[in-house]
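So the chains spell out like this:
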Amino acid sequence: PTTGSVPPADITVLPIIASFPTTQAIRVTAPAGYEWDFEQVDFRYQAPGVGVNPLNVVEGAEADIPISGKPARPNSEPKNVLTMDYMQLAWTPGVKYGFACKIRIPMVPPTGSANQFTIEFGYNQDLEINRLEAGTAEAPTVQRLINGAITYTTSIIALAVEITFSVRSI
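Residues numbered from 1 in each chain as written. Predicted model: local features only at pLDDT ≥ 70, side-chain atom pairs only at ≥ 80, totals over all residues. Heavy atoms only, no water.

(A) The arrangement of the overall build of the chain in detail. Scanning the chain from terminus to terminus reveals 0 helices and 9 strands. Counting from the amino terminus, the chain carries its helices and strands in the arrangement β-β-β-β-β-β-β-β-β. Whereas a compact globule of 170 residues would reach a radius of gyration of roughly 15 Å, the chain reaches 22 Å, over 25% beyond that. On the principal axes, the C-alpha backbone points of the chain span a range of 80 × 40 × 30 Å. Taking the intrachain contacts of the chain between residues at least 6 apart in sequence as the baseline, contacts between residues at least 24 apart amount to 70%. As displayed, the chain offers around 10,400 Å² of accessible surface, 53% of which is attributable to carbon and sulfur atoms. (Helix = DSSP H or I, 4+ residues; strand = E, 2+ residues; numbered from the N terminus. Rg over C-alpha atoms; globule rule 2.2 N^0.38 Å. Contact = heavy atoms within 4.5 Å. Areas by Shrake-Rupley, 256 points an atom, 1.4 Å probe, with all protein chains shown as cover.)

(B) View of the pairing of strand β6 (residues 116-121). Burial within β6 is extensive, with 5 of its 6 residues counted as buried. Across 4 bridges, strand β2 (residues 26-29) lies against β6 in antiparallel orientation. Residue pairing for β6: V28 is matched across the bridge by I119. Direction of pairing for β6 relative to strand β7 (residues 133-138): antiparallel, over a ladder of 6 bridges. From the neighbouring strand, E120 faces β7, where its bridge partner is A134. (Buried < 20%, exposed > 50% of the residue type's maximum accessible area, 1.4 Å probe, protein only. Pairing = 2+ DSSP bridges.)

(C) Fine view of the pattern of salt bridges. This model, assessed by the stated rule, comprises 6 salt bridges. Ionic pairing is found between D10 and K102, a salt bridge with its closest N-O pair at 2.6 Å. Of this pair, D10 sits in strand β1 (residues 9-16) while K102 is found in strand β5 (residues 97-104), placing the two residues 92 residues apart along the sequence. In this structure, R73 engages D37 in a salt bridge whose closest nitrogen and oxygen atoms are separated by 3.1 Å. With a gap of 36 residues between them, R73 in the loop between β3 (35-36) and β4 (81-84) and D37 in the loop between β3 and β4 connect regions that are remote in the sequence. Beyond isolated ion pairs, a larger network of salt bridges with shared partners links D37, E39, R73 and R104. (Salt bridge = Lys/Arg side-chain N within 4 Å of Asp/Glu carboxyl O.)

(D) Focus on the packing of aromatic side chains. Per the stated rule, a full pass over the model turns up 8 aromatic pairs. Ring pairs connect the aromatic residues Y34, W36, F38, F43, Y45, F99 and F117, which therefore count as one cluster. (Phe/Tyr/Trp six-rings, centres within 6.5 Å; stacked < 30°, edge-to-face > 60°.)

(E) Representation of unusual backbone geometry in the model. With an omega dihedral of 0°, the bond running from L14 to P15 counts as a cis peptide bond. Note that P15 resides in strand β1. Put simply, E77 and P78 share a cis peptide bond, and its omega is 0°. Within the secondary structure layout, P78 lies in the loop between β3 and β4. In the Ramachandran plot, A158 falls in the positive-phi region, its phi being about 80° despite a non-glycine side chain. On the basis of relative accessibility, which here comes to 80%, the residue A158 falls in the exposed class.

(F) Quick peek at the environment of P109. The topology assignment puts P109 in the loop between β5 and β6. Using a relative accessible area of 29% as the deciding quantity, one classes P109 as partly exposed. Distance from P109 to D64, taken between C-alpha atoms, is 31 Å for residues 45 residues apart in sequence. Setting aside residues up to four positions removed in sequence, P109 forms contacts with N115 and V142.

These figures capture arrangement, not role.
Take a look at the structure:
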């Protein structure tokens, strides 16, 4: 979990593989409770290559996401929704794209919705024919310590005592 003063966690979304050439806007929705939290300068979306700034590279990507500018983090609710609305070129079918940035992870996984990331191509289109495709990926389990307990053999002063501390990790 990344709450309070704990810095946001790194996240890499890879591979993103389109089945159709498209210039439609995309929406990436993180599970409920997560929050995209990055500066535009820290958003990475380019494939490794000659002349590419290493600070923009996503290892494993085969091509740059064809956006006309880096997206901004959401500054109002829902903060778990990231959109990239302006494509300068079409996505090439079968090519691995990806992006990396920062995200805040909640203390507990969502209980009222699926614990998954969703990507939608053409999310802002009214006609179904323009909403080309979507995909999901299961989010990893939120890691934390739970069920803390302390047991002891006696509370009588001057007697030897055995104290046991236990926790469960998930």
